[in-house]
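# Structure assessment
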Amino acid sequence: MNILLIGSGGREHALANAISKSPRARKLFAAPGNPGIATKAQLVDLDIADHAKVAAFCAANDIDLVVVGPEAPLVAGLADDLAAAGVAVFGPGKEAARLEGSKGYTKDLCKEAGIPTAAYERFDTAQAAKAYIRSRGAPIVVKADGLAAGKGVIVAERVPEAEAAVDMIFGGAFGSAGAEVVVEDFLEGEEASFFALCDGERAIAFASAQDHKRVGDGDTGPNTGGMGAYSPAPIMTDEMVERTMREIIEPAVAAMKARGAPYRGVLFAGLMIGPKGPQLIEFNARFGDPETQVMLPRLDEDILPLLLACANGGLPDAVRLKPECALTVVYAANGYPDAPERGTQINGLDLAAQSEGVEITHAGTRLEDGKLLANGGRVLNVTALADTVSGARAKAYQALAMIDWPGGFYRSDIGWRAVKRERGEA
Ligand code: AMP
Ligand code: GLY
């Protein structure tokens, strides 16, 4: 098979690693890719926003499957246009990608399909949103409806903070993503990320993970795209996975099919596990980043037939995973998330990557005159596989210590909750 992978982050590097291991993979292309992906794929200069050009590339290079990493091309309808051109795509069409693209759309679908989620209302004026906030009280959560690069959610401890969030969103802080606001109840519990593969008709569990969103140790400081993750999430027991499939994933897949927008690809459910079980915080229409970096090394079978089955139908009954745990630590550029410093030099990566059971993925790097430079906020992911989360964590931090990059920083406590559980302290 010839494959085109779309994206340039650590998630796509992990996908490139998994795909290139497949005996079925003949040629792997990536657009735009990154220096890490370049070790597994041929990078191509392709304007992803120009769907006709992408289709022409696929025709010219006998592409059997396009794997879309990030959400933006999906929301823009890349999968529809490629499917219309006869190309198989891993990733949902535009209408199905609204599960990520519009929080209001997803909340309405939850209500219709009986999917457990926080009570909510949708608003297009500040006045009505604020009146609702005052009637519900705090804590309360205010969300911009559309894609806001993970920044459009404000968990407000007090009513004035929630009202200020409404003003900020309607004031244009997130552009058109803030034309509408969702206000929802605050959910108590422990968060987990859950991933299911869907072929439009059926869904099967893929894997679970937990990530650390805050920039600082002890889960403090501003939110980021994720500073580290581990898989599986200990809270996602077999029973919780079964309930999540039955109460959240399967009803969503059935509802999308009934709406004439069958969901094909990976459905990423952000969950709050509370006393009543799993509740949906949000759906994403793609793999998580950095969750993918910890899920794919655990996969104990060829990934390509699974990705292809999402596009064409015929998913197996289950996915085979290794019993091991994986943990990844994000090495971010100084100044992240507000103002990451670019262009600082990274050394020692090859040596660190030789550590047994360690995989290093590039998330934001570039090569210049043979030097590897930081080129983004989240720059590297150092992932390790071991029998326990504690073991994986020790290996990952050992490898991190071998990297020479004064321009970067990482959290020192990734996996703390799982490690505490393993020690019997939680
Ligand atoms: P989202 O972008 O919807 O995943 O929200 C970002 C983060 O905000 C989530 O990972 C949660 O930590 C938090 N959050 C969102 N909605 C809620 C809610 N209803 N209750 C509690 N926390 C929430
Ligand atoms: N790590 C969270 C996400 O990919 O959205």
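Now for a quick tour of the structure.

Analysis parameters
- Residues numbered from 1 in each chain as written.
- Chains lettered and ligands numbered in written order.
- Predicted model: local features only at pLDDT ≥ 70, side-chain atom pairs only at ≥ 80, totals over all residues.
- Heavy atoms only, no water.
- Helix = DSSP H or I, 4+ residues; strand = E, 2+ residues; numbered from the N terminus.
- Rg over C-alpha atoms; globule rule 2.2 N^0.38 Å.
- Buried < 20%, exposed > 50% of the residue type's maximum accessible area, 1.4 Å probe, protein only.
- Contact = heavy atoms within 4.5 Å.
- Areas by Shrake-Rupley, 256 points an atom, 1.4 Å probe, with all protein chains shown as cover.
- Lys, Arg positive; Asp, Glu negative; His and termini not counted.
- Charge placed at Lys NZ, Arg CZ, Asp CG, Glu CD.
- Polar contact = N/O pair within 3.5 Å; in protein donor to acceptor, adjacent residues only side chain to side chain.
- Pairing = 2+ DSSP bridges.

The subject of this paragraph is the overall build of the protein chain. Check the secondary structure of the protein chain and you find 14 helices and 23 strands. Relative to the globule expectation of 22 Å for 426 residues, the C-alpha radius of gyration of the protein chain, 21 Å, shows essentially globular dimensions. Each principal axis of the C-alpha distribution contributes one length, and for the protein chain these read about 60 × 50 × 40 Å. Here the protein chain, with 426 residues, has 56% of them falling under the buried criterion. Restricting to contacts in the protein chain with at least 6 residues of sequence separation, those with at least 24 account for 68%. When the accessible surface of the protein chain is split by element, carbon and sulfur atoms take 49% of a total near 17100 Å². Averaging the coordinates of the 43 positive side-chain charges in the protein chain and doing the same for the 56 negative ones gives two points 1 Å apart.

Okay, the side chain of Asp211 next. Looking at the element boundaries, Asp211 is found in strand 11 (residues 203-211). For Asp211, a relative accessible area of 18% gives the class buried. At 3.3 Å, the side chain of Asp211 forms a polar contact with the side chain of Lys213. Leave out the neighbours within four places in its chain, and Asp211 touches Gly225, Gly226, Gly228, Ala229, Pro290 and Glu291.

For strand 15 (residues 264-274), the buried fraction is high: 10 of the 11 residues fall into the buried class. As judged from the 10 bridges shared by strand 10 (residues 190-199) and strand 15, these two strands associate in the antiparallel manner. Within strand 15, the position partnered with Ala196 by the bridge is Leu267. Of the strand pairs in this sheet, strand 15 and strand 16 (residues 277-284) are connected by 7 bridges, and their pairing is antiparallel.

It is worth stressing that arrangement in space is one thing and function is another; only the former is reported here.
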